[in-house]
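Chain by chain, the residues run as shown.
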Amino acid sequence: ADGTLADHVEAAMDAAGFPTAHLVGNSLGGHLALQLASRGRATSVVALAPAGGWADGDASFTAMIRYFRTSQHLLRTAAPMAETIASTPEGRRRATQVVVSSTADHIPADLVAHLIRGAAGCTHVASLVDFAERRAWTVDAERIDCPVRIVWGTADKLLPWPQAAARYRRDWLPTADWVELDGIGHCPQLDAPLETAQLILGMTAWPRDTV
């Protein structure tokens with residue numbers, strides 16, 4: 001179900017004693033943060049290229065499904081060689097080319113190796129892709145009462161701007177604070193870490209009565 005991941009995060013927040021928190025998420029994590037906001041668990045949300053906003057018939061949705069269907073085998077093959085791959089500029093570029101728009105020269109080799117191993121180690125990719133393919137993505141936007149900022153890179157290769165944001169912009173969150181990052185890819189936190197951090201910190205100081 002669409003709310004399963006949110007159920008687990010909400011339970012973890014309860015266990016940690018956090019009734020609400022400033023939430024930040026990228027891609028699936030952005031969608032999850034917005035779901036939690038609709039449950040009253042967010043003080044603010046910064047969603048970086050949140051998944052789920054495709055309009056019917058958007059070809060980028062099919063391309064995204066195809067990418068995740070085929071990438072896991074390649075990642076698991078690459079994982080034992082993660083440090084070697086990340087040790088050269090070309091290796092770092094190829095390893096991150098789907099999620100960043102730059103040459104990846106600014107991303108430390110150990111972080112690239114960590115990303116390869118982490119992605120390869122995800123044991124639920126198939127079930128998540130099966131869920132995604134059902135197009136069951138929903139956000140109960142009317143129940144969100146905290147400030148929301150949505151950040152999207154114009155060079156996003158995985159969830160292309162603006163078509164992959166269609167339902168967020170048209171139906172769900174047209175009045176959110178929308179920020180376009182020119183020339184930035186799917187993971188702004190990797191492509192433009194300082195600017196992304198500033199956008200996040202700016203939301204933590206946003207008073208609730210501005211909603």
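Notes on the structure follow. (Residues numbered from 1 in each chain as written. Predicted model: local features only at pLDDT ≥ 70, side-chain atom pairs only at ≥ 80, totals over all residues. Heavy atoms only, no water.)

Right, let's get into the layout of surface pockets. Of the volumes computed, that of the largest pocket is approximately 1300 Å³. Lining the largest pocket we find 41 residues, and of these Tyr67, Phe68, Leu75, Val99 and Ala119 sit closest to its centre. Residue assignment for the lining of the largest pocket shows that the elements contributing at least two residues are helix 3 (59-78), helix 5 (89-96), helix 6 (109-120), helix 7 (125-133) and helix 9 (188-191). Among the elements that make up the lining of the largest pocket, the one with the highest residue count is helix 3 (ten residues). (1 Å grid on protein atoms, 1.4 Å probe; cavity = no way out; pocket = protein on both sides within 12 Å on 5 of 7 lines; lining within 4 Å. Points joined across faces, edges and corners; volume = space filled by probe spheres on them. Helix = DSSP H or I, 4+ residues; strand = E, 2+ residues; numbered from the N terminus.)

The next point concerns the sheet that holds strand 3 (residues 148-153). An order of 1-2-3-4 is seen for the four strands of this open sheet, with the pairing classed as parallel. Looking at strand neighbours, the two that pair on one side only are strand 1 (21-26) and strand 4 (177-181), the edges of this open sheet. Neighbour-to-neighbour, the strand axes of this sheet turn through a mean angle of 15°, independent of strand direction. Of the pairings in the sheet, the one linking strand 3 to strand 4 comprises five bridges and is parallel in character. Following the sheet pairing, Val151 is matched in strand 4 by Val179. The strands that helix 10 (residues 193-204) touches are strand 1, strand 2 (42-48), strand 3 and strand 4; relative to strand 2, the one it contacts most, it runs at about 155°. (Pairing = 2+ DSSP bridges. Axes fitted to C-alpha atoms, helices over the stretch in contact; angles between N-to-C directions. Contact = heavy atoms within 4.5 Å.)

With that settled, the discussion passes to the nonpolar core. The biggest cluster of nonpolar side chains holds 37 residues, and the ones touching the most others in it are Leu34, Val45, Trp54, Ile144, Val148, Trp152 and Leu173. For this core, the elements supplying multiple residues, two or more each, are helix 2 (28-38), strand 2, helix 3, helix 7, strand 3 and helix 8 (166-172). Per-element tally for this core: the top contributor is helix 2, with five residues. Residue contacts for Trp54: discarding those within four places in its chain leaves Ser60, Phe61, Met64, Arg135, Trp137, Leu159, Gln163, Ala164 and Arg167. Membership of the second largest hydrophobic core comes to eleven residues, among which are Ala78, Ala82, Ala86 and Ala104. (Core = buried A, V, L, I, M, F, W, Y, C linked by side-chain atoms within 4.5 Å. Buried < 20%, exposed > 50% of the residue type's maximum accessible area, 1.4 Å probe, protein only.)

The tally for this structure, following the rule as stated, stands at eight aromatic pairs. Residues Trp54 and Phe61 carry aromatic rings whose centres are separated by 5.0 Å and whose planes lie at 75° to one another, so their mutual orientation is edge-to-face. We classify Trp54 as buried; its relative accessible area is 2%. Phe61 gets classed as buried once you look at its relative accessible area, which sits at 5%. A network of ring pairs unites the aromatic residues Trp54, Phe61, Phe131 and Trp137 as a single cluster. (Phe/Tyr/Trp six-rings, centres within 6.5 Å; stacked < 30°, edge-to-face > 60°.)

Time to look at unusual backbone geometry. At the junction of Trp161 and Pro162, the peptide bond is cis and its omega measures out at 0° in the coordinates. Mapped onto the elements, Pro162 comes out in the loop between strand 3 and helix 8. A positive phi is found at Ser27, a non-glycine position, where the angle reads about 65°. Among the residues examined, Ser27 registers a relative accessible area of 16% and is labelled buried.

These results come straight from atomic positions and should not be treated as a statement about function.
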